[in-house]
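Okay, here's what each chain looks like letter by letter:
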Amino acid sequence: MADNILEVRNLSKHFKAKHGALHALDGVNFTLERGKTLGIVGESGCGKSTIGRTILRLIEPTCGEIVFNGVDITGLSHRQMRELRPKMQIIFQDPYSSLNPRRTVSQTIREPIMLNRMIRDKRQLDMRVAELMDMVGLAERFVNSYPHELDGGRRQRIGIARALSVNPEFIVCDEPVSALDVSIQAQILNLLKELQNKMGLSYIFITHNLSVVNYFSTDIAVMYMGRMVEKASVEELFGAPTHPYTRALLSAVPVPEYHEEKRKRIILRGEVTSPVNLPDECRFAKRCTRVCAQCLEGEPPLTQTRPGHFVACRNP
Amino acid sequence: MHTSDVMLDIRNLVVEYATVDGVVHAVNDISLSVKRQRCMGLVGETGAGKTSTALAVMNLIPTPPGVIRRGSILVNGYNVLRMKDTEMDAVRGKEVAMIFQDPMTALNPVLTIGSQIAESILLHEKVSGAEAEKRAMNMLEMVGIKGTRANDYPHQLSGGMKQRVVIAIALCCNPHLLIADEPTTALDVTIQAQVLELIDELRENYKTSMLLITHDLGIVGDMCDEVSVMYAGRIVESGTVKDVFTDTRHPYTEGLFNSLPNINNRAAQLTPIPGLMPDPTDLPPGCAFSPRCRYARSKCRERVPEAKWIGDTHMVACIAYEDPGFRIERSKR
């Protein structure tokens, strides 16, 4: 049997909104094998960040189960969660707002170690901070710098060092490179990959950039308005995309190659509608080019069409 | 080349900003031209000087702290840097219009979108208010928004729709030259595809020339005829998209391509450019890219590389090419 670090079953999160329930997540299921990366892609408002935060119980799920290392963590108390949290960490999107501007690099990195009482000796703590900075490629001279003195790439390295400081097994990377320039982006992606190989980390990699997940992930899940619409291995998803939304998403990505003829893109009409008080029909029906009568009757379930390839569409 | 074929001609432009930390050398002696009805991509990372170049063309560099030290800019024959403010008002919007990066901040939140489009029409054309409003509604329809929404305020629209409104304002007086500064960076991919398609279509209909500023080489490949690559305020390579994409010459351009994960080639390893962009108040001597360049040699640090033309359309500014046998890795493949 596969060694799964994480299993998510029927996870939903509904927020209360003015005019009813906002369906941020609706019945999401997936598993993450130890040492692997699951990429979660989708556009703004599809619920991808909500997934990341709900798994860590930074947001409480409305219903569903989150099984981490064989333990259902949805019912755990705050104290029990605190013991578990060192194993599950998160790296945030914006290295400008996720760091405390009044703390130095060293203070930021040592905080989680001290909170979890992992190292008490001051000298050992300094050594651990130096080791972590070395691990993420931050020069020692920045140890007493403040975040505003550093560029985005270095700030993101602090965020990574802080996540690594408590020896996690699993990290949620929530758009870790979207705020960075391309040349810096590649530096951070390579760093995350290297750390995974070295430490056997498991990642959930949340992004809107399909080229990035392609480079990074083993499996990919595509989200649309809180639902998982397609899930497959990277080769399968990029080689044989099945859901009409996935196809449009893939064809919309500009490719940095020269082409004599203009590339034919699938252009989706309309925009993502409001996830408040959803109708019964398939959520993608309004923008879908292949919509048929069946699609309006109810939401299609996520079904296996080929081994390991799941699609939620009645008319693929 | 006949001058009337050139819509925008920038010669030896130097833009500086005086700050407390010293003089920021934002644009350092760049020359570039956009041919009539063509699309030129201007590519580079944060701080390369792309937006300063665009603002200089609009004569909108905030002064102080900014100052245009040197250079000339001709927009459809008008020498914009020599113009008085009142003269410039007639050129802006009519000859050259700009689409800004962030549609959330480019619109006035307390005016309806219809009136913001009409404002621009009233400024440039002798029409009645009612006529301008009618044309504003037509413009909205053209960019794919129902004309009845002219009375909506910006907060009632989604990001993609706001950017359509910004495009409508830019195109309502049918300018000859459109400057788009990262027009889709704030948008989702499927919406980006819609907006790019819209710009392409309108450009075709109105025969507009365009300077497209972006950091995304993929967008350049899809939209542009020519491309200039900027680094630390200089153009390091320029040419047709075919020249630059298939016969890349400059080490920085190569570095950009190697940093991009390619959706069609998963096995390709990412080779990031080491180090960081130099501090624009303290640019390194010689070639500004040399500290990060894997091919750098001692003479690269001694003088600024000159533009070297390797074809009718293809220019590279790199000292290593003085050695006739020099090749970058990408061109060996």
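How each quantity is defined
- Residues numbered from 1 in each chain as written.
- Chains lettered and ligands numbered in written order.
- Predicted model: local features only at pLDDT ≥ 70, side-chain atom pairs only at ≥ 80, totals over all residues.
- Heavy atoms only, no water.
- Contact = heavy atoms within 4.5 Å.
- Buried area = accessible area lost by both parts, 1.4 Å probe.
- Salt bridge = Lys/Arg side-chain N within 4 Å of Asp/Glu carboxyl O.
- Polar contact = N/O pair within 3.5 Å; in protein donor to acceptor, adjacent residues only side chain to side chain.
- Helix = DSSP H or I, 4+ residues; strand = E, 2+ residues; numbered from the N terminus.
- Nonpolar A, V, L, I, M, F, W, Y, C, P; charged D, E, K, R; others polar.
- Patch = residues over 30% accessible without salt bridge, like charges linked within 9 Å, V, L, I, M, F, W, Y side chains within 5 Å.
- Areas by Shrake-Rupley, 256 points an atom, 1.4 Å probe, with all protein chains shown as cover.
- Lys, Arg positive; Asp, Glu negative; His and termini not counted.
- Charge placed at Lys NZ, Arg CZ, Asp CG, Glu CD.
- Buried < 20%, exposed > 50% of the residue type's maximum accessible area, 1.4 Å probe, protein only.
- Phe/Tyr/Trp six-rings, centres within 6.5 Å; stacked < 30°, edge-to-face > 60°.
- Lys NZ or Arg CZ within 6 Å of the ring centre and 35° of its normal.

> When you look at the interface of chain B and chain A in this model, what are you seeing that I'm missing?
Every contact between the two is made by 43 residues of chain B and, on the other side, 42 residues of chain A. Of all residues in chain B, the largest losses of buried area upon contact with chain A belong to Asp-222, Ile-263 and Arg-266 of chain B, amounting jointly to 20% of the total for that side. The interface formed by chain B and chain A contains zero salt bridges. The interface formed by chain B and chain A includes eleven residue pairs in polar contact (both at pLDDT 80 or more). For the side of chain B that touches chain A, the secondary-structure elements that each account for two or more residues are helix 6 (159-171), helix 7 (189-206), helix 8 (217-223), helix 9 (241-246) and helix 10 (251-259) of chain B. With nine residues, the single largest contributor to the side of chain B that touches chain A is helix 7 of chain B. A breakdown of the residues in the side of chain B that touches chain A according to their chemical character gives 20 nonpolar, 14 polar and nine charged.

> Looking at this structure, I do not really get a positive patch on the surface. What am I missing?
Together, Arg-79, Arg-82, Arg-117 and Arg-120 of chain A line one region of the surface with positive charge. For Arg-79 of chain A, a relative accessible area of 65% translates into the label exposed.

> Quick question: what am I supposed to make of the pattern of salt bridges here?
Summed over the entire model, instances satisfying the criterion amount to 32 salt bridges over all chains. For Asp-126 of chain A, the salt bridge goes to Lys-122 of chain A, with nearest N and O atoms at 3.1 Å. Of this pair, Asp-126 of chain A and Lys-122 of chain A both sit in helix 4 (residues 122-135), four residues apart, roughly one helical turn. The class for Asp-126 of chain A is partly exposed, based on a relative accessible area of 32%. A salt bridge links Arg-135 of chain B to Glu-125 of chain B, with the nearest nitrogen and oxygen atoms 2.6 Å apart. Here Arg-135 of chain B, found in helix 5 (residues 129-142), pairs with Glu-125 of chain B, found in the loop between helix 4 (113-124) and helix 5; they are ten residues apart in sequence, far enough to count as distant. Each of Asp-3, Arg-34 and Glu-169 of chain A takes part in salt bridges that share partners, so that together they form one network.

> So what exactly am I meant to see when it comes to the packing of aromatic side chains here?
The geometry of two aromatic rings is summed up by the distance between their centres and the angle between their planes. Enumeration over the complete set of coordinates arrives at twelve aromatic pairs over all chains. The interplanar angle of 40 degrees and the centroid separation of 5.8 Å between the aromatic rings of Tyr-203 of chain A and Phe-216 of chain A together place this pair among those described as tilted. Of the two residues, Tyr-203 of chain A is situated in strand 8 (residues 202-207) and Phe-216 of chain A in helix 7 (residues 210-216); the sequence distance between them amounts to 13 residues. With a relative accessible area of 0%, Tyr-203 of chain A lands in the buried category. Under the relative-accessibility criterion, Phe-216 of chain A is labelled buried at 4%. With a centroid separation of 5.1 Å and 85 degrees between ring planes, the pair formed by Phe-245 of chain B and Phe-257 of chain B is classed as edge-to-face. Here the residue Phe-245 of chain B occupies a position in helix 9, and Phe-257 of chain B occupies one in helix 10, the gap between them amounting to twelve residues. Taken individually, Phe-245 of chain B and Phe-257 of chain B each receive the classification buried, so the pair is uniform in this respect. Every member of this aromatic cluster is reached through a ring pair, and the members are Tyr-203, Phe-205 and Phe-216 of chain A. The aromatic ring of Phe-15 of chain A is capped on one face by Lys-13 of chain A, whose charged end is 5.1 Å from the ring centroid. Geometry around Phe-310 of chain A places Lys-231 of chain A over its ring, the cationic atom sitting 5.0 Å from the centre.

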